[in-house]
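One letter stands for each residue in the lines below.
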Amino acid sequence: MSNILVVGACGQIGIELVMELRKLFGIKNVLASDIKEHCPPAIAEGEYVQLDIMDHNALAKIVNENNIKQVYLLAAMLSATAENKPLIAWDLNMQGLFNVLELAKHKKIDKVFWPSSIAVFGMNSPMNDTPQHTIMEPSTVYGISKLAGERWCEYYFKKYDVDVRSLRYPGLISYKSAPGGGTTDYAVDIFNKAVKEKKYTCYLNKDTKLPMMYMSDAIRATIEIMEASKEQIKVRSSYNLAGISLCPKDLFIEIKKKFKDFQIDYKPDFRQEIADTWPNSINDSAAKADWNWKNRIEIEEIVKKMISGFS
Ligand code: NAD
Ligand code: SER
């Protein structure tokens, strides 16, 4: 059984991914790591090690000492935070990836998962049902780093036979861990505020449609692409991954069915400009055809789960 390392394990995706990987492959086989000193209680039953992914030697030591064979690299700076710290974001998002790809190139690890994002698209990409292969001119630091990362993943696969697999995640909706500075974070905050305060001020306009997905579907997709055979993975940049397409007003209407007195107002900030360059919806027919991807959780169920999660 391969040992698995999750880097960036304390984040919105990391916590749930570690929990699921441990359920599937055993607590002893999944090592969680993050730059944070302390491990969150949700994943504290298993091994945790503090790791700055920028430190190549520390990463190599952990991989060697723990016989790590697969790395899930989640450490990154997300879109909204990255706009405020462009050069730091570029360094983290690129160097972290190179450190892992280089280990894989030298056959120290067998398989890598690295997530991309809908942020790789831009104003000149088709906004609806955005295809797998199309014009890609991201205008955010985050999107530029993700597109560059995708090109490097494909390069390492073609030149060095590095088995790296990637998904363009949509905005992810979850309650077990807080989102970490993205443009789509509103779709989590709105539930928290609905349950606790019955009102929410949204930083995106009510009609801003974006691709979104419930976390359990994203975790399932991540593990499914990693468990697929090498031959099934025909896209070595990153696969489009679609869940549902929704705007703040859609969530407001659904939440209001449960909380009649819920109120919302809209005060768009700099994140509106980012969201305006991203697709409304995504076409994921390549993922469906190549490794049988299928989204399961629709808006009604998301609302039910999120309200109950925050209550
Ligand atoms: P997050 O911000 O919630 O978590 C990132 C984690 O990385 C944090 O726990 C942070 O402490 C850690 N980290 C930061 N710098 C580090 C370093 N130098 N070394 C080690 N760890 C470090 O992010 P997330 O939402 O869990 O996203 C994980 C990945 O998925 C990122 O690559 C992100 O771009 C991608 N993604 C996320 C979403 C989403 O909606 N959450 C959507 C698309 C893509
Ligand atoms: N949810 C992410 C963000 O908003 C998309 O990659 O940054």
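Thresholds applied
- Residues numbered from 1 in each chain as written.
- Chains lettered and ligands numbered in written order.
- Predicted model: local features only at pLDDT ≥ 70, side-chain atom pairs only at ≥ 80, totals over all residues.
- Heavy atoms only, no water.
- Helix = DSSP H or I, 4+ residues; strand = E, 2+ residues; numbered from the N terminus.
- Buried < 20%, exposed > 50% of the residue type's maximum accessible area, 1.4 Å probe, protein only.
- Contact = heavy atoms within 4.5 Å.
- Areas by Shrake-Rupley, 256 points an atom, 1.4 Å probe, with all protein chains shown as cover.
- Phe/Tyr/Trp six-rings, centres within 6.5 Å; stacked < 30°, edge-to-face > 60°.
- Near = heavy atom within 4 Å.
- Polar contact = N/O pair within 3.5 Å; in protein donor to acceptor, adjacent residues only side chain to side chain.
- Nonpolar A, V, L, I, M, F, W, Y, C, P; charged D, E, K, R; others polar.
- Pairing = 2+ DSSP bridges.
- Arc of directions from axis to C-beta.
- Axes fitted to C-alpha atoms, helices over the stretch in contact; angles between N-to-C directions.

(A) Structural view of the overall build of the protein chain. The helix and strand inventory of the protein chain stands at 11 helices and 14 strands. The buried share of the protein chain, taken over its 311 residues, is 56%. Taking as baseline every contact in the protein chain between residues at least 6 positions apart, the subset at least 24 positions apart corresponds to 79%. For the protein chain, the exposed surface amounts to about 13,400 Å²; the carbon and sulfur share of it is 51%.

(B) Quick look at the packing of aromatic side chains. Counted under the stated rule, the structure contains 13 aromatic pairs. Plain terms: the ring middles of tyrosine 155 and tyrosine 160 are 6.2 Å apart, the flat faces sit at 75 degrees to each other, and that makes the pair edge-to-face. With centroids separated by 6.3 Å and ring planes inclined at 85 degrees, the aromatic side chains of tyrosine 186 and tyrosine 203 adopt a geometry described as edge-to-face. Taken as a pair, tyrosine 186 in helix 6 (residues 186-196) and tyrosine 203 in the loop between strand 10 (199-202) and strand 11 (210-214) lie far apart in primary sequence, 17 residues in all. Neither tyrosine 186 nor tyrosine 203 differs from the other in exposure class; each is buried. Here the aromatic cluster, defined as three or more aromatic residues joined through ring pairs, consists of Phe98, Trp152, Tyr155, Tyr156 and Tyr160.

(C) The environment of leucine 210, seen in detail. The residue leucine 210 is located in strand 11 in this model. Of the residues examined, leucine 210 reaches a relative accessible area of 0% and is grouped as buried. Sequence-wise, leucine 210 and proline 279 are 69 residues apart; in three dimensions their C-alpha atoms are separated by 6.2 Å.

(D) Local environment of the site of ligand 2. In the region of ligand 2, the neighbouring residues are Leu78, Ser79, Ser117, Tyr142, Gly171, Gly182, Thr183, Thr184 and Trp278. One of the side-chain nitrogen or oxygen atoms of serine 79 is found 2.6 Å away from an oxygen atom of ligand 2. Contact between ligand 2 and threonine 183: an oxygen atom at 2.6 Å from a main-chain N or O atom of the residue. When ligand 2 is considered free in solution it has 230 Å² of accessible area, and contact with the protein chains removes 93% of it. Looking at side-chain class alone, the shell around ligand 2 contains 3 nonpolar, 6 polar and no charged residues.

(E) Inspection of the site of ligand 1 at higher detail. Residues in contact with ligand 1 amount to 27 residues; listed here are only the nearest, Gln12, Asp34, Asp52, Tyr142 and Lys146. Within the side chain of aspartate 34, a nitrogen or oxygen atom sits 2.6 Å from an oxygen atom of ligand 1. Isoleucine 35 is positioned such that a nitrogen or oxygen atom in its backbone is 3.3 Å from a nitrogen atom of ligand 1. Protein coverage of the free-state accessible area of ligand 1, which is 820 Å², stands at 92%.

(F) Quick peek at the sheet that holds strand 12 (residues 239-240). The 3 strands are arranged 6-8-12 in an open sheet whose pairing can be described as parallel. Unpaired on one side and paired on the other, strand 6 (116-117) and strand 12 mark the two borders of the sheet. For strand 8 (residues 167-169) and strand 12, the ladder comprises 2 bridges, and the chain directions are parallel. Residue pairing for strand 12: leucine 167 is matched across the bridge by tyrosine 239.

(G) How the structure looks around helix 2 (residues 56-65). Within helix 2, the full set of buried residues consists of Leu59, Ile62 and Val63. Along the long axis of helix 2, the arc covered by the buried residues comes to 100 degrees, so they all point the same way. Looking at helix 2, the residues exposed on the side facing more than 90 degrees away from the buried face are Asn57, Lys61, Asn64 and Glu65. Measuring from the side-chain oxygen of the N-cap residue of helix 2 to the backbone nitrogen of asparagine 57 gives 3.3 Å; that N-cap residue is aspartate 55. Downstream of helix 2 by one or two residues, asparagine 67 has phi in the positive range, about 55 degrees.

(H) Geometry of the sheet that holds strand 11. With mixed pairing, the 3 strands of this open sheet are ordered in space as 9-11-13. Bordering the open sheet on either side are strand 9 (171-173) and strand 13 (244-246), each of which pairs with just one other strand. This sheet shows a mean twist of 45 degrees between the axes of neighbouring strands, independent of strand direction. Here 3 bridges tie strand 11 to strand 13, and the two strands are oriented antiparallel to one another. The residue bridging proline 211 from the neighbouring strand is serine 245, located in strand 13. Contacts from helix 6 reach strand 9, strand 11 and strand 13, with the element oriented near 25 degrees to strand 9.

(I) Spatial organisation of the pairing of strand 11. Among the 5 residues of strand 11, 5 are classified as buried, and the element is accordingly described as predominantly covered. Of the strand pairs in this sheet, strand 9 and strand 11 are connected by 3 bridges, and their pairing is parallel. Paired with leucine 172 across the strands is methionine 213, a residue of strand 11.

Functional significance is not addressed by these values, which are geometric in nature.
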